[in-house]
Amino acid sequence: MWDNGAFSAFTKGTPLQPNKFYNWVEPRLGHPHWAVIPDVIDGSVEQQRQYVNEWPFEPEYGCPVWHLALPTDYLLELTDRFPKVCFGSSGSYWNVGSPSWEKRVDEAFNALARRRKRMPWIHMLRGLAQAGKRWPFASADSVNVARNFKNGSGKDCEKMAREIDAIQTPVDWVSPTGDQAELF
């Protein structure tokens, strides 16, 4: 997975430069490698759609971001169009793992389950700590290994990465509120 740099740009208050990203990522795209389509953290649906519509590569090599603060209808639109979608924490759902974040992610998976029999590939941005919990994320990321392998834990990068890769998430979505009976 190649990240577009929107999070770093957002936290530093600098503008995202999608054309530079497209030029950089183009020679790196090819199965199994894909990239996060540029997005606007705390942006509107229209701003997100603009980047999605400008994506210059095949859909299978791009993964648009659905920010949790946006309507679930937009999430469904993205999953109808792309084989993978990222969840991005934004707005009042910025704090990954908070009670409001958990409720919103439950709502998103309930909406997806009502729409389809099997879950699409959902990548959780900044969500590695949520791997192995109730949500059927196909993948997740963080800077955990890159930042923490030198903290004196005695683990090297490869060992940390293997431990993370060994965590399994559920294949199917089961709503914690018991809503699964109405899903199909």
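Placed above this text is the structure.
Being a predicted model, the structure only gives us computed values, none of them experimental.

The rules behind the values
Residues numbered from 1 in each chain as written. Predicted model: local features only at pLDDT ≥ 70, side-chain atom pairs only at ≥ 80, totals over all residues. Heavy atoms only, no water. Pairing = 2+ DSSP bridges. Helix = DSSP H or I, 4+ residues; strand = E, 2+ residues; numbered from the N terminus. Contact = heavy atoms within 4.5 Å. Axes fitted to C-alpha atoms, helices over the stretch in contact; angles between N-to-C directions. Buried < 20%, exposed > 50% of the residue type's maximum accessible area, 1.4 Å probe, protein only. Salt bridge = Lys/Arg side-chain N within 4 Å of Asp/Glu carboxyl O. Phe/Tyr/Trp six-rings, centres within 6.5 Å; stacked < 30°, edge-to-face > 60°. Parallel < 35°, antiparallel > 145°, perpendicular 65-115°, else oblique. Left-handed = near helix turned anticlockwise from the far one by under 90°. Nonpolar A, V, L, I, M, F, W, Y, C, P; charged D, E, K, R; others polar. Core = buried A, V, L, I, M, F, W, Y, C linked by side-chain atoms within 4.5 Å.

A. The sheet that holds strand β4 (residues 84-88), seen in detail. With parallel pairing, the four strands of this open sheet are ordered in space as β3-β4-β5-β6. Bordering the open sheet on either side are β3 (65-67) and β6 (139-140), each of which pairs with just one other strand. Of the strand pairs in this sheet, β3 and β4 are connected by three bridges, and their pairing is parallel. Residue pairing for β4: Trp66 is matched across the bridge by Phe87. The strands touched by helix α4 (residues 72-81) are β3 and β4; relative to β3, the strand with the most contacts, the crossing angle is about 170°.

B. Looking closely at α4. Among all positions of α4, only Tyr74, Leu75, Leu76, Leu78 and Thr79 are buried. Here the buried face of α4 lies against α3 (45-54), β3, β4 and α5 (99-115).

C. Summary view of the pattern of salt bridges. Within this structure, the stated rule accounts for seven salt bridges. In this structure, Arg115 and Asp80 form a salt bridge, with 2.3 Å as the shortest nitrogen-oxygen distance. On the criterion of sequence distance, the pair formed by Arg115 in helix α5 and Asp80 in helix α4 is long-range, its members being 35 residues apart. Among the residues examined, Arg115 registers a relative accessible area of 42% and is labelled partly exposed. A residue is classified by how much of its surface remains accessible, and Asp80, at 47% relative accessible area, is partly exposed. Linking Arg116 and Asp80 is a salt bridge whose minimum nitrogen-to-oxygen distance equals 3.7 Å. With Arg116 in the loop between α5 and β5 (121-124) and Asp80 in helix α4, the pair connects residues that are 36 residues apart, well separated along the chain. Here the salt bridges do not stand alone but share partners, grouping Asp80, Arg115 and Arg116 into one network.

D. Just the packing of aromatic side chains, in detail. All chains considered together, the criterion is met by 14 aromatic pairs. Residues Phe87 and Phe137 carry aromatic rings whose centres are separated by 6.1 Å and whose planes lie at 85° to one another, so their mutual orientation is edge-to-face. Placement of the pair is Phe87 in strand β4 and Phe137 in the loop between β5 and β6, with a sequence separation of 50 residues. With respect to class, Phe87 is no different from Phe137; both count as buried.

E. Expanded view of the packing of α4 against α5. In contact at an axis separation of 10 Å, α4 and α5 are set at 50° when each is read in the N-to-C sense. Between α4 and α5, the crossing angle belongs to the class labelled oblique. By crossing handedness, the relation of α4 to α5 is classed as right-handed. When α4 is examined against α5, the residues Thr72, Leu75, Leu76, Thr79 and Asp80 are found in contact with a partner set consisting of Arg104, Ala108, Ala111, Leu112 and Arg115. For the contact of α4 with α5, a count of residues per class yields five nonpolar, two polar and three charged.

F. Local environment of unusual backbone geometry. With an omega of 10°, the peptide bond running from His31 to Pro32 counts as cis. The topology assignment puts Pro32 in the loop between α2 (18-25) and β1 (35-36). One non-glycine residue with positive phi stands out, namely Arg126, at about 55°. Counting through the fold element by element, Arg126 comes out in the loop between β5 and β6.

G. Broad picture of the nonpolar core. Among the nonpolar cores identified, the biggest contains 37 residues, and Trp66, Phe87, Trp101, Phe109 and Phe137 are the most heavily contacted of them. If you list the elements that add at least two residues to this core, you get α2, α3, α4, β4, α5 and β5. The element that contributes the greatest number of residues to this core is α5, accounting for seven residues.

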